[in-house]
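Chains, contacts and geometry: an overview
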Amino acid sequence: MDISVVVPLFNEAESLPELEAWIARVMKANNFTYEIIFINDGSTDTSWKVINDLKAKNPCVKGVCFRRNYGKSPALNVGFERAQGDVVITMDADLQDSPDEIPELYRMITSDGYDLVSGWKQKRYDPLSKTIPTKLFNATARKVSGIKNLHDFNCGLKAYRKDVVKNIEVYGEMHRYIPYLAKNAGFAVIGEKVVHHQARKYGKTKFGLNRFVNGYLDLLSLWFISRFGSKPMHIFGFLGTLMFLVGFIAAIVVGASKLYAMYHGEPYRLVTDSPYFYIALTMMLLGSQFFLAGFIGELIARTASERNKYSIREEI
Ligand code: UDP
Ligand code: MG
């Protein structure tokens, strides 16, 4: 099979028939063999019924129905597990992404050697309250992930080599950072294609402004996990040891200077009257805490199911 189109959706009943017809038209015109996997993420409208009707007309349509709303990431993840095509295309169900981009995306993966091609909504049809924070979001994501050539991390329209989707796990709200997940899994050839974007035709957006707060926190977690996830001691142990040593030396200096003063008959005071004593104490306490955090992190990393996960390109 050439192409799997993965479409996560939550209450998009009005858009689905148009979307399916459009995708089918493009596939037919280009002679692609394909499947469309609709993942109904706990819709409360008639979306699932619409998908059933579409399936009755077109055997290339497949559907997965969640029992409740889990979010876009779990929906994509199921789609990735099911996908059988050589190239996997994800797109939103709201008709904001155009299926006409599919042939070129397919060509970029199969002929140009890209592992992942992300759409870039260069001209967006979204409210300003969304486009401006998005610019900031993308600049931060570029910096942190080190994928410098992407302008639009969270574009719903993306194409993947099959290997990529079988080697990453999209969880929580990590769908915003799939290129980063792919990079961490060793897929380095990541490209971009300018795509057409349209205003939402039916329904309304499913994400509010809190997407930017959560997105920022997720980015921090991803960065941290990719740097220290498998070796937490390297950061916490280092910081902990350093702090403890500084505190320890400071404590000795405080105590020794008092002994020195006593011995030489100079005026002296209680060590607890010296601010340095408290600084030393805090440093030693924090230092041991950091160290312990590192140690516990190591114990967790040791048993994590991913401790030895590698994606292999080829073997002879
Ligand atoms: N979506 C989903 N589960 C959710 C929220 C959204 O499957 O919990 C789907 C939604 O139906 C759409 C896609 O994710 O197909 C993108 O959502 P939306 O268009 O609301 O996001 P925006 O375009 O505003 O970023
Ligand atoms: Mg949308």
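Residues numbered from 1 in each chain as written. Chains lettered and ligands numbered in written order. Predicted model: local features only at pLDDT ≥ 70, side-chain atom pairs only at ≥ 80, totals over all residues. Heavy atoms only, no water.

Another point: the environment of His234. By the element assignment, His234 lies in helix α9 (residues 233-263). Note: C-alpha distance between His234 and Phe10 (224 residues apart in sequence) is 42 Å. (Helix = DSSP H or I, 4+ residues; strand = E, 2+ residues; numbered from the N terminus.)

This paragraph deals with the pattern of salt bridges. A complete count under the given rule lists 16 salt bridges for this structure. Linking Lys206 and Glu12 is a salt bridge whose minimum nitrogen-to-oxygen distance equals 3.1 Å. In this pair, Lys206 is assigned in the loop between β7 (190-194) and α8 (210-228) and Glu12 in the loop between β1 (3-9) and α1 (16-29), connecting sequence segments 194 residues apart. Relative accessible area serves as the criterion here: at 32%, Lys206 is assigned to the partly exposed category. Across the pair Lys130 and Asp126 runs a salt bridge whose closest N-O atoms are separated by 3.7 Å. Grouping residues by exposure puts Lys130 and Asp126 together as buried. Salt bridges sharing partners connect three or more residues here, namely Glu12, Asp94, Arg200 and Lys206. (Salt bridge = Lys/Arg side-chain N within 4 Å of Asp/Glu carboxyl O. Buried < 20%, exposed > 50% of the residue type's maximum accessible area, 1.4 Å probe, protein only.)

What follows deals with the environment of Ser73. Inspection of the secondary structure puts Ser73 in helix α3 (residues 72-82). Spatially, the C-alpha atoms of Ser73 and Glu173 are 5.5 Å apart, while their sequence positions differ by 100 residues. A polar contact is formed between the side chain of Ser73 and the backbone oxygen of Gly172, at a distance of 3.3 Å. (Polar contact = N/O pair within 3.5 Å; in protein donor to acceptor, adjacent residues only side chain to side chain.)

Next up on the list: the sheet that holds strand β5 (residues 116-120). Strand order across the open sheet formed by 7 strands is β3-β2-β1-β4-β6-β5-β7, with mixed pairing between neighbours. Looking at the sheet topology across the chains shown, the edges are occupied by β3 (61-65) and β7. Mean inter-strand twist for the sheet, computed between neighbouring axes without regard to direction, equals 20°. The sheet contact formed by strand β2 (residues 34-40) and β3 spans 5 bridges and is parallel. Pairing of Ile36 across the sheet is with Val61, part of β3. Lying over the sheet, α1 contacts β1, β2 and β3, oriented at roughly 160° with respect to β2. Sheet strands touched by helix α2 (residues 47-57): β1, β2 and β3. Its angle to β3, the strand with the most contacts, is close to 155°. (Pairing = 2+ DSSP bridges. Axes fitted to C-alpha atoms, helices over the stretch in contact; angles between N-to-C directions. Contact = heavy atoms within 4.5 Å.)

The next subject is the coordination of the magnesium ion (ligand 2). Here the magnesium ion (ligand 2) is held by the protein donor atoms Asp94 (OD) and Gln96 (OE1), which lie 1.9 Å from it. What makes Asp94 buried here is its relative accessible area of 4%. A residue is classified by how much of its surface remains accessible, and Gln96, at 8% relative accessible area, is buried. (Donors = N, O, S within 2.8 Å, 3.2 Å for Na, K, Ca; no water.)

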